[in-house]
Amino acid sequence: MQIFRAHVLVCGGTGCTSSNSPKIAEEFEVQLKKNNLENEVKVVKTGCFGLCAEGPVIVVYPEGAMYTMVKVEDVKEIVEEHLLKGRLVKRLLAGNDEFDYNFFKKQMRVALRNCGRINPESIEEYIAFDGYQALAKVLTEMTPEQVIDTIKRSGLRGRGGAGFPTGLKWEFARKSQDDQKYVCCNADEGDPGAFMDRSILEGDPHSVLEAMAIAGYAIGANQGYIYIRAEYPIAVNRLRIAIDQAKEYGLLGKNIFGTGFDFDIEIRLGAGAFVCGEETALMTSIEGKRGEPRPRPPFPAVKGLWQKPTILNNVETYANIPVIILKGPEWFASIGTERSKGTKVFAVGGKINNTGLVEIPMGTTLREIVYDIGGGIPNGKKFKAAQTGGPSGGCIPASLIDTPIDYDSLAQVGSMMGSGGLIIMDEDTCMVDIAKFFLEFTVEESCGKCPPCRIGTKRMLEILERITGGKGEEGDIEKLEILAKNIKAAALCGLGQTAPNPVLSTLRYFRDEYIAHVRDKKCPAGVCKSMMHYVINADLCKSCGICARNCPVGAIKGERKVPYEIDQEKCIKCGACMEKCPFKAIFKNA
Amino acid sequence: MSVNKCCCECTDVRDAKLQEIIDKYKDTKGALIQVLHEAQELYGYLPLEVQKKISEGLNVPLTEIYGVVTFYTQFSLKPKGKYRIQVCMGTACYVKGSGMILDKLKEKLGIDVGDCTEDRLFSLHACRCIGACGLAPALMVNDEVYGRLTEKDLDDIIEKYRKLDAESNQ
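Residues numbered from 1 in each chain as written. Chains lettered and ligands numbered in written order. Predicted model: local features only at pLDDT ≥ 70, side-chain atom pairs only at ≥ 80, totals over all residues. Heavy atoms only, no water.

The number of helices and strands found in chain A is 23 helices and 18 strands. Reported as C-alpha extents along the three principal axes, the dimensions of chain A are approximately 90 × 65 × 40 Å. Of all 590 residues assigned to chain A, the portion counted as buried reaches 59%. Accessible surface for chain A amounts to roughly 23200 Å². Of this, 50% is attributable to carbon and sulfur atoms. One way to put it: in chain A the 74 positive side-chain charges average out to a point 4 Å from where the 74 negative ones average out. (Helix = DSSP H or I, 4+ residues; strand = E, 2+ residues; numbered from the N terminus. Buried < 20%, exposed > 50% of the residue type's maximum accessible area, 1.4 Å probe, protein only. Areas by Shrake-Rupley, 256 points an atom, 1.4 Å probe, with all protein chains shown as cover. Lys, Arg positive; Asp, Glu negative; His and termini not counted. Charge placed at Lys NZ, Arg CZ, Asp CG, Glu CD.)

Right, dumping it as structure tokens:
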């Protein structure tokens with residue numbers, strides 16, 4: 001084996017790929033060759049490092065120096081300065097010259113342990129970091145009951161959102177008697193603003209395959225399916241490579257490790273339906289049908305895919321399994337809080353400085369995520385709320401910023417853990433508008449099978465459209481509440497039952513904003529167009545006429561030495577005048 | 001089969017390929033969605049004629065196929081533009097103004113969401129989170145992602161593809 005004195009890790013996640021990281025890796029190869037370093041330095045394309053906002057990101061080992069926002073032109077300098085002369089390129093270093101960048105300080109990487117550390121397209125690198133050892137241990141030293149007991153004692157709960165104890169789920173499936181059982185992986189990550197599962201699949205696909213084989217052994221299944229969104233081409237491709245490699249090495253297929261245990265995995269592509277993230281709908285979709293949910297019971301552990309006992313876990317849940325087997329359930333249970341063990345990966349986005357992927361021990365507070373890891377809110381704005389759980393979740397207002405992030409605390413404040421999307425909002429975000437945004441999403445994604453979801457959410461959306469359109473009526477808020485309560489109680493599946501949550505949670509913490517929209521016809525955040533108007537401050541106006549020339553509808557009139565005025569009837573609220581005014585004399589008035 | 005006739009008489013090539021796809025998946029349990037994915041890649045969309053062929057090939061009723069095609073947003077009954085502009089409507093992008101980006105594109109292209117420009121060059125779509133949240137607001141033109149968008153970037157992007165098209169026609 002060839003030994004290299006240094007490694008250049010280039011992030012190959014979707015975020016960095018979009019900002020040109022493949023070209024950077026190519027350029028490194030070129031520049032290394034030029035300097036005769038190709039046998040001393042190895043370039044590795046890895047999964048996501050997490051700091052997507054600062055992408056493209058590269059890390060140079062052995063120093064562990066992280067360079068951010070690297071451009072193709074910078075590669076020459078990094079090669080000549082750092083790799084040839086051993087001097088860091090300070091202007092590109094993340095944060096400051098020290099390596100302990102704040103973003104990573106409070107994180108703890110368990111599920112993401114290999115992301116950004118190994119080449120996801122190489123099974124050897126995964127094996128070098130203890131890969132497939134857990135599977136070997138399980139197959140040669142443990143009984144299925146012992147495996148299930150280990151997972152139960154670790155306290156691992158499903159990372160897909162609902163938080164059902166994983167070991168218990170496996171035990172139910174183990175106890176179901178049938179000649180055929182299935183192991184499924186939910187990689188249909190549909191929550192807008194969430195990309196945890198994608199990053200794991202892109203950065204460490206083998207960990208999921210290994211865990212699925214372990215699950216297969218535990219429940220007595222020999223066939224696995226990974227249901228993944230077609231919108232994730234890079235992840236799909238890396239999974240395909242990983243499955244082929246594992247088959248070649250005899251780690252999937254017949255007679256694994258010579259123990260007589262067979263296990264095979266197939267990939268099934270989704271086709272753009274959010275409801276397919278719901279477990280019964282997902283299984284119907286794997287069967288090649290319209291992805292409509294069906295009533296439970298019977299639960300999938302009894303009758304799932306093709307009416308056979310099935311377990312379904314999400315990507316992040318699986319990624320935790322090999323570590324639990326190797327390090328022991330006690331180690332895992334020592335992380336986190338009383339009832340939420342381990343870590344959780346969040347995709348942090350929205351109005352925050354360090355958008356990206358973070359993994360934190362359960363119990364970390366929202367404040368630590370926003371300010372210590374996330375680096376605070378851009379442009380000196382105030383933190384208003386954080387949204388978790390996507391269209392099924394709710395928001396956590398600024399007053400509860402010290403809430404610890406775990407399943408129970410989040411449920412208590414009316415939100416939920418969800419799959420890990422964490423959207424930060426600042427004072428410029430209108431909470432009624434956000435509630436409307438999520439409802440638009442669920443209305444569009446409702447599969448139409450049950451009336452409470454199909455009709456109920458639509459009626460709620462109509463009311464919200466009326467409110468944000470400046471036509472809210474007295475009683476609208478109460479109507480929303482009644483509808484929400486009934487939809488929650490009567491909808492068939494998780495999608496419908498949780499659809500009203502964004503409305504209920506914003507009503508709980510930001511009722512005054514709703515009231516301002518309905519009674520005063522005002523949008524306090526200045527987002528809802530219909531209630532907003534632009535005005536020219538007569539004292540500041542220098543009558544230059546630039547605004548009038550830039551108005552696309554000719555709504556601004558005026559003459560020399562007299563302040564200009566906007567005709568509110570004609571104004572389409574495009575904001576062009578405010579943007580163009582050189583004296584900043586035009587204001588948005590809510 | 002008037003829909004997939006093309007000037008270079010390539011109809012047969014695509015139809016033969018479709019048959020290959022059908023044969024490949026014939027014995028796989030529940031493979032309809034995979035077949036539709038590959039067929040759409042071949043034709044660009046899924047006209048009724050193509051669905052009929054799949055129905056006959058897989059021995060699945062046409063009604064069921066139509067039901068599946070219309071259920072999933074990734075399958076299209078309408079042809080799409082040469083360059084498909086997909087504006088990300090994920091929460092992170094929305095909070096950072098992707099709604100405004102979509103409005104401006106409608107205005108600039110003179111079409112509504114889901115439609116195609118008359119010259120078939122661009123079609124405009126609002127899509128689900130593409131996972132480039134670090135680059136919000138973002139859009140995709142075919143497989144190329146553009147991030148940290150401002151209104152100004154939109155003209156450049158449209159112009160870039162108009163040029164690309166002009167070059168490819170030369």
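Still to come is the rest of the account.
What follows concerns the packing of helix α7 (residues 144-154) of chain A against helix α10 (residues 205-219) of chain A. Residues and elements named next belong to chain A. One way to put it is that α7 packs onto α10 with a least axis distance of 7 Å and a crossing angle of 120°. It follows from the interaxial angle that α7 and α10 lie oblique. Handedness of the crossing formed by α7 with α10: left-handed. Across the interface between the two elements, P144, V147 and I148 of α7 pack against I214, Y217 and A218 of α10. Across the contact of α7 with α10, the residue classes break down as 6 nonpolar, no polar and no charged. (Axes fitted to C-alpha atoms, helices over the stretch in contact; angles between N-to-C directions. Parallel < 35°, antiparallel > 145°, perpendicular 65-115°, else oblique. Left-handed = near helix turned anticlockwise from the far one by under 90°. Contact = heavy atoms within 4.5 Å. Nonpolar A, V, L, I, M, F, W, Y, C, P; charged D, E, K, R; others polar.)

This part is about the sheet that holds strand β11 (residues 356-361) of chain A. Residues and elements named next belong to chain A. Strand order in this open sheet of 5 strands is β11-β10-β14-β12-β13, and the pairing throughout is mixed. Each edge of the sheet is formed by a strand with only one pairing partner; in this case those strands are β11 and β13 (394-397). Here the strands of the sheet are splayed against their neighbours by 30° on average, with no regard to which way each runs. Across the sheet, helix α15 (residues 366-373) touches β10 (343-350), β11, β12 (383-388), β13 and β14 (421-426), and the angle it forms with β12 is around 115°. (Pairing = 2+ DSSP bridges.)

Take the interface of chain B and chain A next. On the chain A side, the residues contacting the 33 residues of chain B number 51 residues. When the area that chain B buries against chain A is broken down by residue, the three leading residues are F71, T91 and R128 of chain B, summing to 21%. Viewed at the interface, chain A and chain B are joined by 2 salt bridges. As a salt-bridge pair, R128 of chain B and E444 of chain A come within 3.1 Å of each other at their nearest N and O atoms. Joining chain B to chain A, the criterion identifies 17 residue pairs in polar contact (both at pLDDT 80 or more). (Buried area = accessible area lost by both parts, 1.4 Å probe. Salt bridge = Lys/Arg side-chain N within 4 Å of Asp/Glu carboxyl O. Polar contact = N/O pair within 3.5 Å; in protein donor to acceptor, adjacent residues only side chain to side chain.)

What follows deals with the domain arrangement of chain B. Taken as a whole, chain B is organised into domain 1 (14-71) and domain 2 (83-168). Measuring from the centre of the C-alpha atoms in domain 1 of chain B to the corresponding centre in domain 2 of chain B gives 29 Å. (Domains from an automatic or database assignment.)

Residue and element names in this part refer to chain B. End to end, helix α6 (residues 98-109) covers 16 Å across 12 residues, agreeing with the expected 16 Å (1.5 Å per residue, within 8%). Those residues of α6 not exposed but buried are S98, I101, L102, K104, L105 and L109. End-on view of α6: buried residues confined to an arc of 165°, all on one side of the axis. Check the buried side of α6 and you find it contacts β1 (83-88), α5 (91-95), β2 (122-127), β3 (139-141) and α7 (151-169). Where α6 terminates, the next one or two residues include G110, which has phi positive at roughly 70°. (Expected span 1.5 Å × (residues − 1). Arc of directions from axis to C-beta.)

A few words now on the environment of K104 of chain B. Its location among the elements puts K104 of chain B in helix α6. Each C-alpha atom of the pair K104 of chain B and E151 of chain B lies 7.3 Å from the other, and the pair is 47 residues apart in sequence.

All names here are of chain A. The calculated volume of the second largest pocket comes to roughly 1100 Å³. Sorting the residues of the lining of the second largest pocket by element identifies α8 (166-175), β5 (182-187), α12 (279-286), β9 (310-314) and α20 (494-498) as the ones contributing at least two each. Class assignment for the residues of the lining of the second largest pocket results in 14 nonpolar, 19 polar and 9 charged. (1 Å grid on protein atoms, 1.4 Å probe; cavity = no way out; pocket = protein on both sides within 12 Å on 5 of 7 lines; lining within 4 Å. Points joined across faces, edges and corners; volume = space filled by probe spheres on them.)

On to the confidence of the model for chain B. All names here are of chain B. Averaged over every residue, the pLDDT of chain B is 87; residues scoring 70 or more account for 93%. Under a pLDDT of 50 for its full length, residues 1-6 has, in the predicted model, 13 contacts with residues more than four places off or in other chains. Listed scores for the predicted complex are pTM 0.88 and ipTM 0.82. (pLDDT = per-residue confidence, 0-100.)

A word on the domain arrangement of chain A. Residues and elements named next belong to chain A. As far as domains go, chain A holds domain 1 (6-100), domain 2 (123-333), domain 3 (343-426), domain 4 (431-520) and domain 5 (532-589). A C-alpha centroid distance of 27 Å is found between domain 2 and domain 3. Facing 16 residues of domain 2, the contacting portion of domain 3 comprises 20 residues. Taken together, both faces of the contact between domain 2 and domain 3 bury some 1400 Å²; the carbon and sulfur share is 57%. Looking at the side of domain 2 facing domain 3, the largest losses of area belong to R159, D191 and M196, adding up to 35% of the total buried there. For the pair domain 2 and domain 3, the number of links is 2 salt bridges. Close ionic contact of R157 with D408 constitutes a salt bridge, the shortest N to O distance being 4.0 Å. Across the contact surface, domain 2 and domain 3 share 7 residue pairs in polar contact (both at pLDDT 80 or more). Breaking the side of domain 2 that touches domain 3 down by element, the ones donating at least two residues are α9 (196-203) and α13 (315-327). Partitioning the side of domain 2 that touches domain 3 into residue classes produces 5 nonpolar, 7 polar and 4 charged.

With that settled, the discussion passes to the packing of helix α6 (residues 133-141) of chain A against α10 of chain A. Angle between the axes and distance between the axes: these two values describe a pair of packed helices. Residues and elements named next belong to chain A. At their nearest, the axes of α6 and α10 sit 9 Å apart, and the two run at 10° to each other. Classified by the interaxial angle, the pair formed by α6 and α10 is roughly parallel. Here the hand of the crossing between α6 and α10 comes out left-handed. Along its contact with α6, which presents Q133, A134, L135, V138 and L139, the element α10 presents E210, A213, I214 and Y217. Classifying every residue of the contact of α6 with α10 by side-chain character gives 7 nonpolar, 1 polar and 1 charged.

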